[in-house]
Amino acid sequence: MKTTGGDILCQALHAQGVRVLFGHPGGAILPFYDALHRDGRIRHVLARHEQGAAHAADGYARVTGVVGVCVATSGPGATNLVTGLATAMADSVPMVAITGQVPRGAMGTEAFQETDILGITAPVTKYGFLAHTADEIPGIVAEAFRIARAGRPGPVLIDVPKDVQSEAVSDEVRSAFACSPVVVSRTRDNDDALTLAQIHRAAALVDRAERPVLLVGRGVLLSGMVDTVRRLAEWADLPVVTSLLGLDAFPAQHPLALGLTGMHGTPRANHAIQESDLILGLGLRFDDRLVGHAEDFAPRARVVHFDVDPSVIGRTIRPHVSVIGDLAETLPLLAARVRPRTRAAWRDRLRAWDREAEPLTPALAEGLPHARTALRVVAAQIGRSHAIVATDVGQHQMWMAQELPDLEPRSFLTTGGMGTMGYALPAAIGAAIACPDRDIWVVAGDGGFQMCVQELATAVQERCRLRIVVVNNGYLGMVRQWQEMFYGGRYSGSEISGPDFAALALAYGIPGRTVACGAALGDAVSWASAEEGPALLDLRVAREDNVYPFVPAGAALHELIVAPRAAVS
Ligand SMILES: Cc1ncc(C[n+]2csc(CCOP(=O)(O)OP(=O)(O)O)c2C)c(N)n1
């Protein structure tokens, strides 16, 4: 029997280590689906919407560190992937998306379900390929996976016309592919003299600093440098703050941990940055949510920036020293040069903000709980069970980031760069398929949950043991908060109704409970944790809570609001 483009695509994916892909079929991708069926070695997870497939591939990639793969048909199937690709691009998630395309002869004729998906996704992918012939497919797949992993990881798209999927591969390509092993190599381009000189300068600055802050981003997770960073912090007595995406790269309860920094960062993390004389930034972008008003960021500090992506250096904060390269290669060189020392005076100074670190939130009692207090109970259970947690976007996301205790690395799935509502549930499905033995929690707002709620069916079909908490305040909470604070309390378009989430879950075959009283929360969380299969809690919370601290857009990090004040119009 002839080997088709679809067959060789399956073989090439398998050779890259792909054992599961997330997708939704349609006409232009059917020859590939047929080949998948013939091949039989790759598990296909049917998402109910292609956005769900992309987020699931993203969740799979974030928890494993390997490339996640999603598949869609041409036209609307392909365009439905776009938000997932943009989300992965913003957060440096290695992914390969495969899309069907109309047959070569029909391209450019406005054929049924034809769309220029390479054009549409060019800004939200690292690269895009069109497979002109079946023979090109093995080379394209190898290159796509290399690009997805290389340097700053991200998504790559491969568009495969339908007739290319069914055309026969030549004998030469078939036999060459069968005997050529796939080699996955790390890029090594950082051992040049300039990089070493910069690392020397960085080490000297760390040694001399009296009030240093180590700022940890997602690059620390991507490079597998979590332990090295912890040892460096302990060796040189460096207080540590994290970005939202670096939250699980440093243990939250470590004595040197100051917590999250940025718009909703802890007072001590933000004040520490503002008073520091050295910021050592590792694997992050210094984005606007983290930096606040850039001109006022860390005004007394020298900044050292390590990152693999040269394009992020100097974008918002101009560093005094920058080191470009994979942290796996550059950080050990820095750690070997930094001298051990203690900085007792600086740590005493940091303690001054400790009393501000704990927000005053009412205890759980009768009646609707304060959302942050309620999420503290959920977060504690996540900590106890060393679980993975996926959040959606909005107030609950920030409360979880503030409340989560120590997490295993690669266990916090959240969309930092794109802030994509609807992400949590499908991302958690990807994580559950990658890590079937771990507890996986989904924490979503009642708004975002309704954006990808159809993926409950995927979770059931794939037997994902998800514990789902819908934080139900009847508002698009974060939008309502901004309207309260900056738009005179005019709640324009932010009140949202929803279904009875527990009943909806039950309709999908998932047991659900409604919790509308703080005193009942502990039991409900224990119930959800103990369930054999997936379980859902519709957690009704006080409707108009706000997230604090809050650095208003355009303010400096020390201008954070820690207590309610009159709305600004
Ligand atoms: C796809 C998408 N649309 C719109 C927004 C803008 N947005 C950010 S937070 C938010 C409100 C989220 O509400 P909800 O899911 O109920 O969570 P809560 O803030 O109440 O915790 C909105 C609409 C977004 N981030 N993503």
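Residues numbered from 1 in each chain as written. Predicted model: local features only at pLDDT ≥ 70, side-chain atom pairs only at ≥ 80, totals over all residues. Heavy atoms only, no water.

J.: What exactly am I supposed to notice about the pattern of salt bridges here?
T.: A pair can form between side chains of opposite charge whenever their charged atoms are brought close. According to the stated counting rule, one finds 25 salt bridges in the structure shown. The salt bridge partner of Arg230 is Glu234, with a shortest N-O separation of 3.6 Å. A residue pair is termed a helical-turn pair when its members lie 3 or 4 positions apart in one helix, as Arg230 and Glu234 do in helix H12 (residues 226–236) at 4 residues. Judged by relative accessible area, Arg230 falls into the partly exposed class, the value being 26%. Classification of Glu234 as partly exposed rests on a relative accessible area of 39%. A salt bridge links Glu403 to Arg376; its shortest N-O distance comes to 2.9 Å. You can see Glu403 sitting in helix H19 (residues 395–403) and its partner Arg376 sitting in helix H18 (residues 371–384), a full 27 residues away along the chain. According to the relative accessible area criterion, Arg376 is partly exposed, its value standing at 29%. Salt bridges here are not isolated pairs; linked through shared partners, they connect Asp7, Asp34 and Arg38. (Salt bridge = Lys/Arg side-chain N within 4 Å of Asp/Glu carboxyl O. Helix = DSSP H or I, 4+ residues; strand = E, 2+ residues; numbered from the N terminus. Buried < 20%, exposed > 50% of the residue type's maximum accessible area, 1.4 Å probe, protein only.)

J.: Whenever I open this one, helix H3 (residues 50–64) confuses me. Can you help?
T.: The α-helix advances 3.6 residues per turn, and as a result positions three or four apart in sequence lie on the same side. Along its 15 residues, H3 runs 21 Å from first to last C-alpha, staying within 8% of the 21 Å computed at 1.5 Å per residue. For H3, the buried fraction is high: 14 of the 15 residues fall into the buried class. One or two steps after H3, the chain reaches Gly65, where phi turns positive at roughly 85°. (Expected span 1.5 Å × (residues − 1).)

J.: Help me understand the site of the ligand in this model?
T.: Among the 17 residues in the neighbourhood of the ligand, the closest are listed as Gln395, His396, Gly419, Gly448 and Gly477. One of the backbone N or O atoms of Gln395 is found 2.8 Å from an oxygen atom in the ligand. Between an oxygen atom of the ligand and a main-chain N or O atom of Tyr475, the distance comes to 3.1 Å. Compared with its free state, where it exposes 590 Å², the ligand has 76% of that area covered by protein. Mapped onto the shell around the ligand, the elements with two or more residues apiece are H19, helix H21 (446–449) and helix H23 (477–486). For the shell around the ligand, the class distribution of residues is 7 nonpolar, 9 polar and 1 charged. (Near = heavy atom within 4 Å. Polar contact = N/O pair within 3.5 Å; in protein donor to acceptor, adjacent residues only side chain to side chain. Areas by Shrake-Rupley, 256 points an atom, 1.4 Å probe, with all protein chains shown as cover. Nonpolar A, V, L, I, M, F, W, Y, C, P; charged D, E, K, R; others polar.)

J.: Would you mind going over the packing of aromatic side chains with me for this structure?
T.: Centre distance and the angle of the planes are the two values used to describe a pair of aromatic rings. The final tally for this structure, using the stated rule, is 9 aromatic pairs. A ring pair is formed by Phe32 and Tyr33, whose centres lie 6.2 Å apart and whose planes are at 85°; its orientation type is edge-to-face. In this structure, Phe32 and Tyr33 share a single accessibility class: buried. When the centroid spacing of 5.9 Å and the interplanar angle of 65° are considered together, the rings of Phe449 and Phe501 count as edge-to-face. One end of the pair, Phe449, is in helix H21; the other, Phe501, is in helix H24 (residues 501–507), with 52 residues separating them in the sequence. Per residue, the accessibility class of Phe449 equals that of Phe501, and both read buried. Aromatic rings pair up to connect Trp482, Phe486 and Phe550 into one cluster. A cation over an aromatic ring shows up here: Arg480 above the ring of Tyr475, its NZ or CZ 5.7 Å from the ring centre. (Phe/Tyr/Trp six-rings, centres within 6.5 Å; stacked < 30°, edge-to-face > 60°. Lys NZ or Arg CZ within 6 Å of the ring centre and 35° of its normal.)

J.: Any chance you could explain the confidence of the model for the chain here in plain terms?
T.: In regions of low pLDDT, the predicted coordinates are not meant to be interpreted in detail. For the chain, per-residue confidence averages 94 on the pLDDT scale, and residues scoring 70 or more make up 95% of the total. Within the model, pLDDT remains below 50 along residues 183–188, and this stretch shows 8 contacts once partners closer than five positions in the same chain are excluded. (pLDDT = per-residue confidence, 0-100. Contact = heavy atoms within 4.5 Å.)

J.: Would you take a moment to explain the sheet that holds strand S6 (residues 155–161) for this structure?
T.: Strand pairs in the sheet, formed through backbone hydrogen bonds, run parallel or antiparallel to each other. Spatial ordering of the open sheet is given by S2-S1-S3-S4-S6-S5, a layout of 6 strands whose pairing is parallel. What marks the edges here is a single partner per strand, and that holds for strand S2 (43–46) and strand S5 (127–130). This sheet shows a mean twist of 20° between the axes of neighbouring strands, independent of strand direction. Of the strands in this sheet, strand S1 (20–24), S2 and strand S3 (68–72) touch helix H2 (residues 30–39), which is tilted by about 145° from S1. (Pairing = 2+ DSSP bridges. Axes fitted to C-alpha atoms, helices over the stretch in contact; angles between N-to-C directions.)

J.: I'm lost on the sheet that holds strand S14 (residues 412–413) in this one. Help?
T.: Within the open sheet, the 6 strands sit side by side as S14-S13-S15-S16-S18-S17. Their pairing is parallel. The open sheet is flanked by S14 and strand S17 (512–515), the only strands paired with a single partner. Relative to strand S18 (residues 535–540), strand S16 (residues 466–472) runs parallel, the two sharing 6 bridges. Counterpart to Ile468 in the pairing with S18 is Leu536. Running over the sheet, helix H20 (residues 424–434) touches strand S13 (388–391), S14, strand S15 (440–445) and S16 and is turned about 175° from S15.

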